[in-house]
Amino acid sequence: MKIEFVPSSRVDELARLRMAILTKEMAQYTTATKETSPIRIGIYDSSDRIAGYVAINRPEDGHKTPHIDDSWKDACEIRGLMVSRNHRGQGLGSLLMYAALRFAQVSGYTLMIGSARDTLVTWYQTFGFIPYPDESYTIGQQTYIPGYLRVQDIRPIIGQCPVSWCLPFPPATPNACVHGNGSTEVNDTDIIRADVLDAPFLPSPDVRRIVHDAMDMQYIRTTPPDPIHLKNALAEARGVRVDHILVGPGSSALMYTVFPQWFSRGSKILLVTPTYAEYPHLLNSIGCQVDEVPETRDVVDIIASRGSEYDGIVMVNPNSPSGSYIDDLERGLKHVDITTRVWIDETYIEYVGQHTSLEKYASRSPNVVVCKSMSKCYALSGVRVAYLVGSGVQLEGILHPPWWVSRVAQTLAIAALTPQSRVYYAEQIIETKKIVDYMIHMLRKCGLETIGSPMASYITCMVHGNDANSLVDALKAQGIYIRVARGYPNSVRIASQPWRKTRRLLAAIHEYMNP
Ligand SMILES: Cc1ncc(COP(=O)(O)O)c(C=O)c1O
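Let's talk about the site of the ligand
Contacts to the ligand come from 13 residues, most closely from Gly250, Ser251, Ser252, Ser373 and Ser375. For the shell around the ligand, a count of residues per class yields 4 nonpolar, 8 polar and 1 charged.

Re the domain arrangement of the chain
Entries for the chain in the domain assignment read domain 1 (2-165), domain 2 (183-196 + 423-513) and domain 3 (214-417). The distance between the C-alpha centroids of domain 1 and domain 3 comes to 47 Å.

Things to note about the sheet that holds strand β19 (residues 458-463)
The 4 strands are arranged β18-β19-β22-β21 in an open sheet whose pairing can be described as antiparallel. Two strands in the sheet have a free side with no partner beyond their single neighbour: β18 (448-450) and β21 (483-484). Direction of pairing for β18 relative to β19: antiparallel, over a ladder of 3 bridges. Looking across to β19, one finds that Leu448 is bridged to Val463. This element, helix α14 (residues 419-445), spans β18, β19 and β22 (491-495) of the sheet and lies at about 140° to β18.

Description of the packing of helix α4 (residues 205-213) against helix α13 (residues 407-416)
Interhelical geometry of α4 versus α13 gives an angle of 145° and a closest axis separation of 7 Å. The element α4 and its partner α13 pack so that their crossing is right-handed. The segment α4 lies against α13, with Asp206, Val207 and Ile210 engaging Thr411, Leu412, Ala415 and Ala416.

Observations concerning the nonpolar core
Grouped together as the largest cluster of nonpolar side chains are 94 residues, with contacts concentrated most on Val369, Cys371, Leu380, Ala413, Ala416 and Val492. Counting residues per element, this core draws most heavily on α13, which supplies 6 residues. Here this core spans two domains, since at least three of its residues come from each of domain 2 (183-196 + 423-513) and domain 3 (214-417). Those residues in contact with Val492 that sit more than four places away from it in its chain are Cys461, Val463, Ala468, Leu471, Val472, Ile482, Arg483, Val484 and Ala485. Counting 42 residues, the second-largest nonpolar core is a separate cluster that includes Leu17, Ala55, Ala99 and Ala100.

Overview of the sheet that holds strand β12 (residues 268-273)
Strand order in this open sheet of 7 strands is β11-β17-β16-β15-β14-β12-β13, and the pairing throughout is mixed. Of all the strands in the sheet, the pair left with one neighbour each is β11 (245-248) and β13 (289-294). The sheet shows a mean angle of 20° between the axes of neighbouring strands, direction not considered. As judged from the 5 bridges shared by strand β14 (residues 312-316) and strand β15 (residues 341-345), these two strands associate in the parallel manner. Bridge assignment links Met315 to a residue of β15, and that residue is Ile344. Across the sheet, helix α6 (residues 228-238) lies against β11 and β17 (386-389), angled at about 125° from β11, the strand it touches most. Running over the sheet, helix α8 (residues 278-286) touches β12, β13 and β14 and is turned about 165° from β12.

Rules used in this analysis
Residues numbered from 1 in each chain as written. Predicted model: local features only at pLDDT ≥ 70, side-chain atom pairs only at ≥ 80, totals over all residues. Near = placed C-beta within 6 Å. Nonpolar A, V, L, I, M, F, W, Y, C, P; charged D, E, K, R; others polar. Domains from an automatic or database assignment. Pairing = 2+ DSSP bridges. Helix = DSSP H or I, 4+ residues; strand = E, 2+ residues; numbered from the N terminus. Contact = placed C-beta atoms within 7 Å. Axes fitted to C-alpha atoms, helices over the stretch in contact; angles between N-to-C directions. Left-handed = near helix turned anticlockwise from the far one by under 90°. Core = buried A, V, L, I, M, F, W, Y, C linked by C-beta atoms within 7 Å. Buried ≥ 20, exposed ≤ 12 C-beta atoms within 10 Å, placed from the backbone.

Next comes the structure, spelled out in structure tokens:
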């Protein structure tokens, strides 16, 4: 069974249902009546016959509920909720009521008016219906009580009924994936934003020169639909074929574009965890069956022995949030069947070394793709640019909009790939690693033990003898943002900062831990 909008081409079937229920069973009408509401939600049985439906009128469709005056003019109206006799007792009525309330909610109505048959008022009340018993009225042999429901009182009932939800809006408002601990909402240059993983250094002088000197033309001129100059610069800098690169506006945009084209409801995915929160969020939203495997040394053996059982393998290397790096992934990957798509996120790979990336391996592989954000190691978080490396087997068929990486982003990314820029970034990575080592050393002194050996610009550490949440809150009160680390007990994740801010951050932690 499925729940879906009823198209105009099928309103005659609703008329038959109305005839059976309203005219024959309930003697409400003496003749056949048509459903005139433009919004109809139906439940279809396994033979694609309509087993029940609910109709909704918006204010502009005209309200029919009697005794409801102008003060209700901004509400929508539930009409004609009915389920055919042989489908009753399965919760379909509740599902239709829920779907009508969800429609009202996603359409922006706060109230829904309607009338309950007198024998069903108690049932309506389970959804929060407030009846006006003094205003009851009759149609044929039926008595109705008008009233209203508050849309905000909606309680999810989905899951209790074996019906697939095929309406264009989801059964419940999806939870957004949370990033950081609030620093992105604060506009103050003085705060420390160690809750997000932005680069602790500025973009290269070549990038900043463009921002100063030549931006006017970048704003005005149209964007090349295929970012060929950027792809050439990447191919040259990374030593891979230009047609094995797909550029996108950030790696998050790439994963949100590619995964729904690769995977679908029920796809089996092996996800190495803990991981960047968007991965489980997106895979679960698609409806994939996700098996989580912890990022221990055995991961390579697990990938080698069980990887081929999956439609996809997703991992971040070096990992976020731990910063741990798995150095012999190729050993596992070569046993994975070509039918298993492998996505390796190398956002922080520069912290491991110059020649450790699997981009070249992916470029020759029929099933492995490397995703590389330019947000972090090129300090271009606000610019939104990233790329995939893989052979045409995986990349050629991917659909994406034209012009989706702006001219400005393309130009700045090209400037970030010049030989001088590459030298600059390599120096910044070395400096950041010094900052991270210093942080690990100083935090240990305060009783915060780093998890693993981080190969990235951030660290995750366990808070001994204190509560991680309280530490995060105490620092936030001083304008220092760090965050609790997902996936580890009583731990925090701290992103490195330039030296001055790092010292301020460490001093605040020291003070908190040693009052
Ligand atoms: C592992 C990982 N991949 C991707 C991203 C997001 O990158 P982008 O800015 O390219 O969307 C992040 C951000 O923190 C990350 O940690």
